[in-house]
Amino acid sequence: MKKNIFISITILAVGFFCLNRVQAASVHISSLKELVYYAHESNNNVKLKPGIYRLTDYLTPDSIEAKLKRNDFQYITFKGNNNTFNLEGVHIEIDTKLRELLKFPIHTNEIIVSGNGNILKGLKITCIGNGLSPGGATFEVAGENNKIEDFNITVRGSFPYGYGDLFGKGGPDVIRHKKQSGFLITGSYTRIIRCKLFMRSFGHGFYIQKEAGNIYFEDCYVEGEVRPTDEIIKETSGPAFDVKFRTWTPNREGKYIVTPGYMKSLCEDGFRTYGQNKSIHFKNCVAKNTRGGFELRTNGGVTLENCSVIGVERGFWFGNNAVAKNCKGDANYGPLLFMEGSNANVEIEVLPDESDRIVHALATIQGNNNKIILKSSKGKNRTKPLSILIGYTHPEHGEAMSPYGEGKCTKLQFKNTTGMPVIVGPMVSDCIIETIGAIGEDEGQNNTIKYLK
């Protein structure tokens, strides 16, 4: 039944996307100037000649001065409706010094699709240099009914880079950040197909804001970089050294200091929601070396199918009404699951990969009326015990070095075939727990525990 609902919603989204499209005129162009012109027009089928296009060749000092006079800060804005832009073989190179020349206001997004019913496909965007802005995204879809496919975006330019969120992430901060994110969606009925993000800046990968809903991702990939905390505390100069490695969250000893033994992602989350985003679907998507893989804490409900996390600080973080089927991931650098909400139905395969980094739990579970299955990967289990904490919260701000708290968990149906131990906290009641792993502690009330063979 749920599968049929998922298919119906997808068909509805496709139908809505195709609604009211008219016959488009075919246009062949060979410059960014022409692309910007047609980006403001409607009902065209535009093909840009393949090649490398440097934004600094288009945004000259005179054109920058003119843009500043009219408060136009975006590089390119696709304002038109019902266009198809065939950008296969097109590579736009963005020198990030343009952010400073254009004197970006806070949260300026650089290339924006603000029109409706457009298709953009095949574009490669590479940011070079380390020009900074007071926050923003390299690419934004703000209009409705747009489809973005086969994009490849490399994002650069943030301060400080190399520490992740150890020193804050936008306030309060030990070090004031200038973030640069990747791909922002603020328009509903957006479809993102086969898009890749390579995050080489501190900021989110794909993220959804402004209550945008009915968003569909398929075959998308986001990748960050990671760095051991042991390496960070060896620095003898730089931003971390200047603040004496003071962090914005406490470690397990209550000290605000970078602690050795952990791994930090240098970007933020791979896939992230904000607010009451509804009907967000992910199919065959992967997050690698990001802070959070899929941090989807919306109450509107999300659906994941065949999604994976690799080498992240935390894998899946769910709010209310989440559905995850045939998903998988490792717990190399942090917990695989934070279950925060209620009425979720989650199935995750635990990969056997292990590292020498400190990890305090395989999962923390709270909330009401959740159904959760954690299973081994083709019969292969981890060799190092990693506890599943039922009735416990995620650490403060999700920071791996910080301690966990206790949280209420009721009417959970949980099945564990990973062989990992389960700890049941004092705020757990009326739950059914089936497990192959041992019960390390059981402080709950009125729970049913079944040991599986």
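Residues numbered from 1 in each chain as written. Predicted model: local features only at pLDDT ≥ 70, side-chain atom pairs only at ≥ 80, totals over all residues. Heavy atoms only, no water.

Student: A description of the overall build of the chain should follow, citing residues and the corresponding values.
Tutor: Within the chain one finds seven helices and 41 strands. What you see for the chain is a C-alpha radius of gyration of 23 Å, in line with the 22 Å of a compact globule of 453 residues. For the C-alpha atoms alone, the extent of the chain along its principal axes is close to 70 × 60 × 30 Å. Going through the 453 residues of the chain one by one, you find that 58% of them count as buried. Excluding contacts between residues fewer than 6 apart, the proportion of contacts in the chain whose partners are at least 24 apart in sequence is 65%. With an accessible surface of roughly 18,400 Å², the chain has 49% of that area assigned to carbon and sulfur atoms. Taking the average location of the 55 positive side-chain charges in the chain and that of its 47 negative ones, the two points are 3 Å from each other. (Helix = DSSP H or I, 4+ residues; strand = E, 2+ residues; numbered from the N terminus. Rg over C-alpha atoms; globule rule 2.2 N^0.38 Å. Buried < 20%, exposed > 50% of the residue type's maximum accessible area, 1.4 Å probe, protein only. Contact = heavy atoms within 4.5 Å. Areas by Shrake-Rupley, 256 points an atom, 1.4 Å probe, with all protein chains shown as cover. Lys, Arg positive; Asp, Glu negative; His and termini not counted. Charge placed at Lys NZ, Arg CZ, Asp CG, Glu CD.)

Student: I'd like a rundown of the state of the cysteines, residues and numbers included.
Tutor: Scanning all chains against the criterion turns up zero disulfides. Cys307 takes part in no disulfide bond, and the closest cysteine sulfur to it belongs to Cys285, at a distance of 4.8 Å. (Disulfide = S-S within 2.5 Å.)

Student: Outline the packing of aromatic side chains, listing residues and values.
Tutor: Considering all chains together, one arrives at 19 aromatic pairs under this definition. Taking 5.2 Å as the distance between ring centres and 5° as the angle between the ring planes, the aromatic pair formed by Phe206 and Phe271 counts as stacked. One end of the pair, Phe206, is in strand β16 (residues 206–208); the other, Phe271, is in strand β21 (residues 271–273), with 65 residues separating them in the sequence. Assigned by exposure class, Phe206 and Phe271 land together as buried. (Phe/Tyr/Trp six-rings, centres within 6.5 Å; stacked < 30°, edge-to-face > 60°.)

Student: Just give me the short version of the side chain of Glu223, but keep the residues and values in it.
Tutor: Here Glu223 is to be found in strand β18 (residues 221–223). Separated by 2.5 Å, the side chains of Glu223 and Tyr221 make a polar contact. In contact with Glu223, other than residues within four places in its own chain, are Leu197, Phe198, Met199, Arg200, Lys288 and Thr290. (Polar contact = N/O pair within 3.5 Å; in protein donor to acceptor, adjacent residues only side chain to side chain.)

Student: Lay out the environment of Thr247 in plain terms, naming residues and giving numbers.
Tutor: Locating Thr247 in the fold gives a position in the loop between α7 (239–242) and β20 (263–265). Classification of Thr247 by relative accessible area gives buried; the value is 1%. Sequence separation between Thr247 and Thr138 is 109 residues, and the spatial gap between their C-alpha atoms is 28 Å. Side-chain polar atoms of Thr247 contact the backbone oxygen of Thr249, separated by 2.7 Å.

Student: Go over the pattern of salt bridges, please, and point to the residues and values.
Tutor: Between side chains of opposite charge, a pair can form when the charged atoms approach closely. According to the stated counting rule, one finds 31 salt bridges in the structure shown. Across the pair Arg194 and Glu149 runs a salt bridge, and its minimum N-O distance is 2.9 Å. Within this pair, whereas Arg194 is found in the loop between β14 (191–193) and β15 (196–200), its partner Glu149 is found in strand β11 (residues 147–149), the two being separated by 45 residues in sequence. Overall, the relative accessible area of 11% leaves Glu149 in the buried class. A salt bridge links Arg227 to Glu235; the shortest N-O distance between them is 2.8 Å. (Salt bridge = Lys/Arg side-chain N within 4 Å of Asp/Glu carboxyl O.)

Student: Any details on the pairing of strand β39 (residues 432–435)? Residues and values, ideally.
Tutor: Burial of the side chains of β39 is restricted to one face: Ile433 and Thr435 are buried, whereas none of Ile432 and Glu434 on the reverse face is. Alignment of strand β36 (residues 413–417) against β39, held across four bridges, turns out to be parallel. Looking at the pairing, Gln413 lines up with Ile432 of β39. Note: β39 against strand β41 (residues 448–451), four bridges, orientation parallel. The partner of Glu434 across the bridge, within β41, is Lys450. (Pairing = 2+ DSSP bridges.)

Student: Please set out the sheet that holds strand β32 (residues 367–368) residue by residue, giving values where relevant.
Tutor: The parallel open sheet is built from three strands, whose spatial order is β32-β35-β38. Only two strands of the sheet have a single neighbouring strand rather than two, namely β32 and β38 (428–429). Strand direction decides the pairing type here: strand β35 (residues 409–410) and β38, joined by two bridges, are parallel. Across the sheet, residue Thr410 finds its bridge partner in β38, namely Ser429.

Student: Explain a negative patch on the surface to me, and be specific about the residues and the numbers.
Tutor: Taken together, the side chains of Glu406, Glu441, Asp442 and Glu443 define an acidic patch exposed on the protein surface. Within the secondary structure, Glu406 sits in the loop between β34 (388–390) and β35. (Patch = residues over 30% accessible without salt bridge, like charges linked within 9 Å, V, L, I, M, F, W, Y side chains within 5 Å.)

Student: So what's going on with the confidence of the model for the chain? Residues and values would help.
Tutor: Of the residues in the chain, 95% have a pLDDT of 70 or more, and the chain-wide mean is 94. Every residue in residues 1–19 scores below 50 in pLDDT, and together they form 15 contacts with partners more than four places removed in sequence or on other chains. (pLDDT = per-residue confidence, 0-100.)

Student: Tell me about the nonpolar core, residues and numbers included.
Tutor: Within the largest apolar cluster, 95 residues are counted, with the highest numbers of intra-cluster contacts made by Phe217, Phe294, Leu304 and Phe318. If you tally residues by element for this core, the top one is helix α2 (residues 32–39), at five residues. Formed by eleven residues, the second largest nonpolar core is a distinct cluster that contains Tyr163, Val258, Tyr262 and Met401. (Core = buried A, V, L, I, M, F, W, Y, C linked by side-chain atoms within 4.5 Å.)

Student: Report on the environment of Asn416, specifying residues and quantitative values.
Tutor: Relative to the helices and strands, Asn416 resides in strand β36. The spatial distance from the C-alpha of Asn416 to the C-alpha of Ser402 is 25 Å, given a sequence separation of 14 residues. Aside from chain neighbours lying at most four places away, what touches Asn416 is Leu374, Ile388, Val422, Glu434, Thr435, Ile436, Gly437 and Leu452.

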